[in-house]
Structures are given as structure tokens and as C-alpha cells.
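Structural characterization, general
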Amino acid sequence: MPSIAKLAQGGWKLAPRKETRQAAQPCGKLACFHAGSIEKARLLIQIAAVFSGVIDFLPAFALLMTYVLYRGFWPTWKILLLPGFFLLTVVASLGVGLWLSALNVGHRDVRYTVPFLTQVWLFSTLIAYPSSLMHEPWRTVYGLNPMVGVVEGFRWAVLGSGNPPGTMFFVSCLAALALLVAGAFYFRRMEKGFADIV
């Protein structure tokens, strides 16, 4: 029987990773299927795909939290910061989903690489080891991966291990916001020709 710390450590770190994979993959396919939809509805369809992952995440998170509390593991006040880290997950997922969906309309082969690309992206995020093992210039560069801030934030807030959010976390936030803004602009620019291409 694994200890409660090991169970919590694995569950807390994998939860945002699973939500990101489940949110970004359907976004990459949806624009082709709904290309004839009303223009404003196309963006809402992408947002709905991300929030379907949120709906899947919440019961699993509540179940894990219930089990952890039942076993006597009491988190600290830092757990109140989890919605912020989860919001970063949603922002990063939506940004990637908007890019992939707009690319998928113009290049149909993109949809076959979406599962592979999301797996590579998420495996490039350290789960088993804290990023504190990296030296400083590389830690900040590593923070360009938006999921690094999410995983490190979850690790710090729930388990109390690792460092509090610092430079690497803010670099991850900026990368996620840049990904979302650029993805939204690219999606809106490509959206005008969705019906013609499909």
C-alpha cells in the first residue's frame, strides 16, 4: 500500500497534466467540424472544449481531496492558491488549442500529430523531479513551458515541497498569456476562411 504522501504527490502532479491533454487535443479537431458555424460561435466551441476538461477535472480533484483528507493529510493555506494555478492550466490549454485548431483547418495532417505533440509537450514538463535540480539560467528558460509553472505551483501549494512561485512561474505565466493572445489572433485571422477551406 503506497503511503499517503506518495499517492497525493502522484495525483496532484498528474491532475493538471491530464486536464491539459484532454482540453488541447479536441480543440485541434473542432474547427474543421464546425467550420460552417456562425463566426462568433467558432471561438465559443473552442472554449467549450477546454471547459469540458475542467468539468472532468473537478470531480476527480474532489475525490482525491476527499481521500487525502480521510487519510489524515491536511494541506496548508497554500491550497487556496490552487485556482490560480488551475487558471494557468486553462489559459495554456486554450492557447494551444486555438493554435492547433486553426492550423488543422489549413493543414489537415495536423490532426494526426496533435496527440503526439501534446504528449511530447507534457513529457517535457518535469513531473517526477522538481525543477530546483536545474541551475538558474536554465530554470528560467525551462519556465517558457507554461505547464512548468502549473506543476511547480501544484507541487508547492499541495505538498509544500519546492520553492514558492518565483521567476520561473512568472515566465510560465507570460508564456501562457503570449500563447493565448497569439493563438486567439491567429484563430481570428484564419477564421474568415474556415468555410472556404473546409
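Residue positions are counted from 1 within each chain, in the order its sequence is given. Thresholds applied to this predicted model are a pLDDT of at least 70 for local features of residues and 80 or more for the giving and counting of side-chain atom pairs; totals over whole chains, interfaces and linings are not thresholded and use all residues. Processing note: side-chain calculations cover all non-hydrogen atoms of the structure and skip hydrogens and water entirely.

Moving on: the overall build of the protein. Along its length, the protein carries eight helices and zero strands. For each residue, the accessible area found with a 1.4 Å probe, counting protein chains only, is set against the maximum for its type, and the residue is called buried under 20%, exposed over 50%, and partly exposed in between. The burial tally for the protein puts 45% of its 198 residues in the buried class. By definition in these notes, contact holds between two residues if any of their heavy atoms fall within 4.5 Å. A sequence separation of at least 24 residues applies to 81% of the contacts in the protein between residues at least 6 apart. In these tables, accessible area is a Shrake-Rupley quantity obtained with a 1.4 Å probe, and a residue counts as shielded only by the protein chains included in the view. As displayed, the protein offers around 10300 Å² of accessible surface, 72% of which is attributable to carbon and sulfur atoms. For the purposes of this entry, the term helix denotes a DSSP run of H or I that reaches at least four residues, the term strand denotes a run of E that reaches at least two, and both are numbered from the N terminus.

Let us look at the packing of aromatic side chains. Stacked, tilted and edge-to-face are the three classes assigned to paired rings of Phe, Tyr and Trp, where Trp is represented by its six-membered ring and a pair needs centres within 6.5 Å; plane angles under 30 degrees give stacked, over 60 edge-to-face, the rest tilted. Under the defined criterion, the tally for this structure stands at six aromatic pairs. Consider the rings of Trp 77 and Trp 156, whose centres lie 6.3 Å apart with planes at 85°: the pair is edge-to-face. In this pair, Trp 77 is assigned in the loop between α2 (39-70) and α3 (82-106) and Trp 156 in helix α6 (residues 146-159), connecting sequence segments 79 residues apart. An angle of 85° between the planes, with centres 5.3 Å apart, marks the rings of Phe 85 and Phe 169 as edge-to-face. One end of the pair, Phe 85, is in helix α3; the other, Phe 169, is in helix α7 (residues 167-191), and 84 residues separate them in sequence.

Time to look at the packing of α3 against helix α4 (residues 110-123). In this analysis an axis means a line fitted to C-alpha atoms, helices contributing only their contacting stretch, and an angle means the value between N-to-C directions, from 0 to 180 degrees. Relative to each other, α3 and α4 sit at 155°, their axes nearing to 10 Å. The pairing of α3 with α4 is recorded here as roughly antiparallel in orientation. Relative to α4, the crossing made by α3 is right-handed. Facing Ala 92, Val 96, Leu 100, Leu 103 and Asn 104 of α3, the residues of α4 in contact are Val 110, Arg 111, Val 114 and Trp 121. Amino acids are sorted into nonpolar (Ala, Val, Leu, Ile, Met, Phe, Trp, Tyr, Cys and Pro), charged (Asp, Glu, Lys and Arg) and polar (every other residue, Gly among them). Class assignment of the residues belonging to the contact of α3 with α4 gives a composition of seven nonpolar, one polar and one charged. Small angles under 35 degrees read as roughly parallel and large ones over 145 as roughly antiparallel, with 65 to 115 read as roughly perpendicular and the rest as oblique. Left-handed describes a crossing in which the near helix is turned anticlockwise from the far one by less than a right angle; the clockwise case is right-handed.

Here the focus is the environment of Leu 174. Within the secondary structure layout, Leu 174 lies in helix α7. The class for Leu 174 is exposed, based on a relative accessible area of 59%. Between the C-alpha atoms of Leu 174 and Leu 88, which are 86 residues apart in sequence, the distance is 10.0 Å.

Moving on, we get to the packing of α3 against α6. As a packed pair, α3 and α6 sit with axes 9 Å apart at the nearest point and diverge in direction by 160°. Between α3 and α6, the crossing angle belongs to the class labelled roughly antiparallel. As for the relative orientation of α3 and α6, their crossing is left-handed in sense. Contacts from Leu 82, Phe 85, Phe 86, Leu 88, Thr 89 and Ala 92 in α3 reach Pro 146, Met 147, Gly 149, Val 150, Gly 153, Phe 154, Trp 156, Ala 157 and Val 158 in α6. When its residues are assigned to classes, the contact of α3 with α6 shows 12 nonpolar, three polar and no charged.

The span expected for a helix works out to 1.5 Å for each residue beyond the first. Between its first and last C-alpha atoms α7 spans 35 Å; for 25 residues at 1.5 Å apiece the expected length is 36 Å, and the two agree. Met 168, Phe 169, Val 171, Ser 172, Cys 173, Ala 175, Ala 176, Gly 183, Tyr 186, Phe 187, Met 190 and Glu 191 are the residues of α7 that are buried.

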